[in-house]
Amino acid sequence: MTLNQLIKGQIARIIEIKGEDAISIRLMEMGLIDGEQIQLLGKAPLGDPLEFAVRGYRLSLRLNEAKCVEVEII
Amino acid sequence: MKAALSDLDSMTNSSTVSSQQAVHQQKMTIAIIGNPNTGKSTLFNQLSGGHAHIGNFPGVTVEKKVGSVTWEGRKLDLVDLPGTYSLAPRSIDEMLAVDVLLGRQKGVPRPDAIICIADASNLERNLYLFSQILDLSTPVVLVLNMCDLARSRGIEIDAAELSQRLGQPVVCTEAHHGKGIKELKAAILNIDPGSRHEVQQLFPESFYAERSQLREKLKSQQDESPPDFLIDRLLLDVGGYVESYFEHHTHNGLIEHLHAARTRLKESGCAVPATEARVRYGWSRELLKGVLHQPEVQQETASDKIDRWLTHPAFGFLFFIVLMFFVFQSVFTWAGPIMDQIEAAQTAVGGIVESFIAPGPLRSLLVDGVIAGVGGVLIFLPQIVILYFFIAVLEDSGYMARAAYIMDRLMRSLGLSGKSFIPLMSSYACAVPGIMATRVIENRHERLTTILVAPLMSCSARWPVYTLFIAAFIPNVVYFSLGDLSLISLQGIVLFAMSSIGAVIAVPVAWFLKRVCFKGDVAPFVMELPGYKWPSSRNVIYRVYSRGKSFVVKAGTLIFATSILIWAAGYFPGNHSEQFALQQQIETVDATVEKVEGQLEVAKGETSEQVESLEVQLKNLESTQSLLYERQNLVSSQLIENSYLGKAGHLIEPVVKPLGWDWKIGVGVIASFPAREVIISTLGTIYSLGGDVGEDDEGLIGSIRVATWPDGRKVFNVPVAISIMVFFALCAQCAATLMVMRRETNSWVWPVVSFTYMTTLAYLGALLSYQVGMMLI
């Protein structure tokens, strides 16, 4: 599954970031690396973007950016 | 620097020793870099003492902020670089930081040391950038800022051990409270300028082998091989700026070689770009083992608790709307009285000048050119200051990122992102602070799009134009009312339509710019939501002050110059002697009237004879007065008709005729180039009322209602009024906006583009409204 499919409060482990484009590079720079844990904290008023907790900080991603991240629920 | 020194040596052979001593006394250049939201600007202000020279780097839209300081007799230049998560440049703007750090940026010597500021409560991620900076081999001081916040979250960092492991100084600070600044200064002064450290090889062997091959390849093509750091970037950044640079500046299969190298790396299990993040984050985690202690289970922070409400799907949105309404309202209402005072002061200063200088070209230049020009600049200042105050508070507290988060989905339907919302909303008050507020948008194309559509938002300067023409030509039909209070009226609907038309047009314009002009640029919305904190008053004051100052100094001088030019065009080449004589006479008569009125007041208690004679005298004077005014207005209107401005108006009459305008309106439009509201006073002058009229002036409303073409037809009717309003809703008649645009984009291209497209839209809009309107009536 991908990161955009998480339910609020769910914690997942990152498997891989797909693609080599600007978005996936930025995601990796922000610390989204395979093996890392990530939690969905909430959604913006129209359901997009999403707020995550990763590496002890809060990160907001759009749905289509979250789609680049393959995860598994722990 | 070395080359310069050897030149110096060869010129003064005998003084080699003394010139080398001078090296140590030379200015040190210190670059300051860090992740966004780490308190970098607060730290910069603390270090520079609030005195920074603000400018622009050539060719990019990046602000150049340099603070020159002297610490313990040592001169230093502190160069503030934009906040960034990584040194992997994707655009020319991001390349700037790399160029500065490598000493490749003209006008900035290679830094002797780098200050890397990191958020102590989020160290692991902040060390990613730091690890890239270590690759530059320049001495670097790691600043762990917001140590208090980290402690409050139960995070403890052994700074001494960290420094030991890194081989670089590490300083803990709380920049908000000025704590740790002294230690940081000492650490910087302790650095030996020009020293270089060995770069730790974090990547696998195969990577460095490819780098050497690539260097050889580059050497065969260029006289000088680029620094290792750039070769690394070339290899690592797929589709990055360095790659596209070399693609355009080299040949002989370099790019093919690069692709092959990347394939080989992938096969050896070191696939770019993923390798870099894996390697650097692995390094930072390893480095922090035993240095950083944090609680196993992260408890919910105060910031998280606030966020549960402020980013709540329903309540968060409501709070945002209320907050924005409050900001917007404040910009309008708080600025109003101050703006009135500036206007009053302008009139008062004009009055003082008039009382000292007899009517003549000098007085006209001073009062109508200089004072009106300065006033025209200062009038924007209250709105800029108030808006910037709010922006600084919102940004410093961490709310700005939430605002972007909440508005992103809506703004994306316009082809923009959440970060564009506040600049565009601010532009409803005034495009000048709105454009200045686009600095929060890091993506260059998104920022340019926002800057280009910002002047379409209906700013407060358009209201006088709307008010005048609506009052004069739109019938006051009320459709729905509550007692005396009319809630829905035709006038209200027209006013609403006029103030929304720009925003509506902005949608396709933004779409066109994003899809056609700035195609292929995906702006990721990967954004950190920083923890909330109290805004520092020092930071807020400093930012409001520096924005206000840079507006007055930079944009102000140009707006001022434009006002003088328009004044000159309206003044020359006419013979103003009669006008001046009339002015003199009017002033004498005015003074006499005042005197007689005073006498009359005194005489009222005395004999009735005296009162009578005084009243007769007053009556005579008043009729002379009105005759003189009439004559003066006639003379003034003839003068403006024969001025260069008037000639230009006649010249463009064929162009504006399809819009239903006569030459007078044409002149008004040209003369309103410095600011839209100038059209009111210009129309006042042309319709021989003298220059001093307001939008509610009954005289002006009356005279435009009866104005006729030479053949006796009325000039103004509803379609003409609508056509003028639509024109002003869409045009770029605002020198201040164009000047700020030029300042913010560091180029004349964008103001010219903006002026051209907006004037075209305005013309077409006005043409359409007039022609369709005429068909309907």
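Predicted model only: the values in this text are computed from it and were never measured. (Residues numbered from 1 in each chain as written. Chains lettered and ligands numbered in written order. Predicted model: local features only at pLDDT ≥ 70, side-chain atom pairs only at ≥ 80, totals over all residues.)

**Structural notes on the overall build of chain A**
Check the secondary structure of chain A and you find 2 helices and 5 strands. Each helix (α) and strand (β) of chain A, taken in turn from the N terminus, gives the series β-α-β-β-β-α-β. Relative to the globule expectation of 11 Å for 74 residues, the C-alpha radius of gyration of chain A, 11 Å, shows essentially globular dimensions. By its C-alpha atoms, chain A is 30 × 25 × 25 Å across when sized along the principal axes. Of all 74 residues assigned to chain A, the portion counted as buried reaches 50%. Across chain A, every contact between residues at least 6 apart in sequence was considered, and the portion connecting residues at least 24 apart equals 56%. (Helix = DSSP H or I, 4+ residues; strand = E, 2+ residues; numbered from the N terminus. Rg over C-alpha atoms; globule rule 2.2 N^0.38 Å. Buried ≥ 20, exposed ≤ 12 C-beta atoms within 10 Å, placed from the backbone. Contact = placed C-beta atoms within 7 Å.)

**Quick notes on the interface of chain A and chain B**
Opposite the 29 residues of chain A that make contact, chain B presents 32 residues. With 7 residues, the top contributor of residues to the side of chain A that touches chain B is helix α1 (residues 22-29) of chain A. Classifying every residue of the side of chain A that touches chain B by side-chain character gives 14 nonpolar, 4 polar and 11 charged. As defined by bridge partners, strand β4 (residues 57-61) of chain A adjoins strand β12 (residues 527-528) of chain B across 2 bridges and the pair is classed as antiparallel. Bridge assignment links Ser60 of chain A to a residue of β12 of chain B, and that residue is Met527 of chain B. (Nonpolar A, V, L, I, M, F, W, Y, C, P; charged D, E, K, R; others polar. Pairing = 2+ DSSP bridges.)

**Notes on the domain arrangement of chain B**
All names here are of chain B. Each assigned domain of chain B is listed here: domain 1 (25-189), domain 2 (205-269) and domain 3 (574-636). For domain 1 versus domain 2, the separation of C-alpha centres amounts to 29 Å. Each side of the interface is counted separately: domain 1 has 10 residues, and domain 2 has 9 residues. Residues belonging to the side of domain 1 that touches domain 2 are distributed by class as follows: 6 nonpolar, 1 polar and 3 charged. (Domains from an automatic or database assignment.)

**A look at the sheet that holds strand β6 (residues 140-145) of chain B**
Residues and elements named next belong to chain B. Within the open sheet, the 7 strands sit side by side as β2-β3-β4-β1-β5-β6-β8. Their pairing is mixed. Pairing within the sheet leaves two strands with one partner each, and these edge strands are β2 (53-56) and β8 (170-172). Sheet twist, expressed as the mean angle between neighbouring strand axes with direction ignored, is 25°. Here β2 pairs with strand β3 (residues 63-71) via 4 bridges, running antiparallel. Directly across from Gly55, in β3, lies its bridge partner Lys64. On top of the sheet, helix α7 (residues 159-166) reaches β6 and β8; it is set at about 160° to β8, its chief contact. Against the sheet, helix α8 (residues 181-189) makes contact with β1 (28-34), β3, β4 (74-80), β5 (113-119), β6 and β8, and its axis sits at roughly 170° relative to β6, the strand it touches most. (Axes fitted to C-alpha atoms, helices over the stretch in contact; angles between N-to-C directions.)

**A short note on unusual backbone geometry**
The linkage connecting Asp48 of chain A with the following residue, Pro49 of chain A, adopts the cis geometry, with an omega of -5°. When you line up the elements, Pro49 of chain A lands in the loop between β2 (37-43) and β3 (50-54). Here the amide bond leading from Val272 of chain B into Pro273 of chain B is cis, since omega sits at 0°, within 30 degrees of zero. Topologically, Pro273 of chain B is positioned in the loop between α12 (254-267) and α13 (274-288). Unusually for a residue other than glycine, Arg55 of chain A sits at a positive phi of about 50°.

**Let's talk about helix α17 (residues 381-397) of chain B**
For an α-helix, 3.6 residues make a turn, and residues three or four places apart therefore share a direction. Residues and elements named next belong to chain B. The end-to-end C-alpha distance of α17, which contains 17 residues, comes to 24 Å, matching closely the 24 Å that a straight helix rising 1.5 Å per residue would cover. Most of α17 is tucked away: 12 of the 17 residues are buried. Restricting attention to buried positions, one finds in α17 the residues Pro382, Gln383, Ile384, Ile386, Leu387, Tyr388, Phe389, Phe390, Ile391, Ala392, Glu395 and Asp396. Gly398 occupies a position one or two residues after α17 and carries a positive phi of about 100°. (Expected span 1.5 Å × (residues − 1).)

**Looking at the pairing of β4 of chain A**
Residue and element names in this part refer to chain A. Counted residue by residue, β4 has 5 buried out of 5 residues, so it is predominantly covered. Of the two faces of β4, both are covered, the one formed by Tyr57, Leu59 and Leu61 as well as the one formed by Arg58 and Ser60. In the sheet, β3 pairs with β4 via 5 bridges, with the strands oriented antiparallel. If you follow Ala53 over to β4, its bridge partner there is Arg58. If you look at the hairpin formed by β3 and β4, you'll find 2 residues sitting between the two strands, and Arg55 has a positive phi there, around 50°.

**Side note on the packing of α17 of chain B against helix α18 (residues 399-412) of chain B**
Residue and element names in this part refer to chain B. Viewed as axis vectors pointing N to C, α17 and α18 meet at an angle of 90°, and their least axial separation amounts to 5 Å. When the axis of α17 is compared with that of α18, the two are roughly perpendicular. Residue-level contacts link Leu394, Glu395 and Ser397 of α17 to Tyr399, Met400 and Ala403 of α18. (Parallel < 35°, antiparallel > 145°, perpendicular 65-115°, else oblique.)

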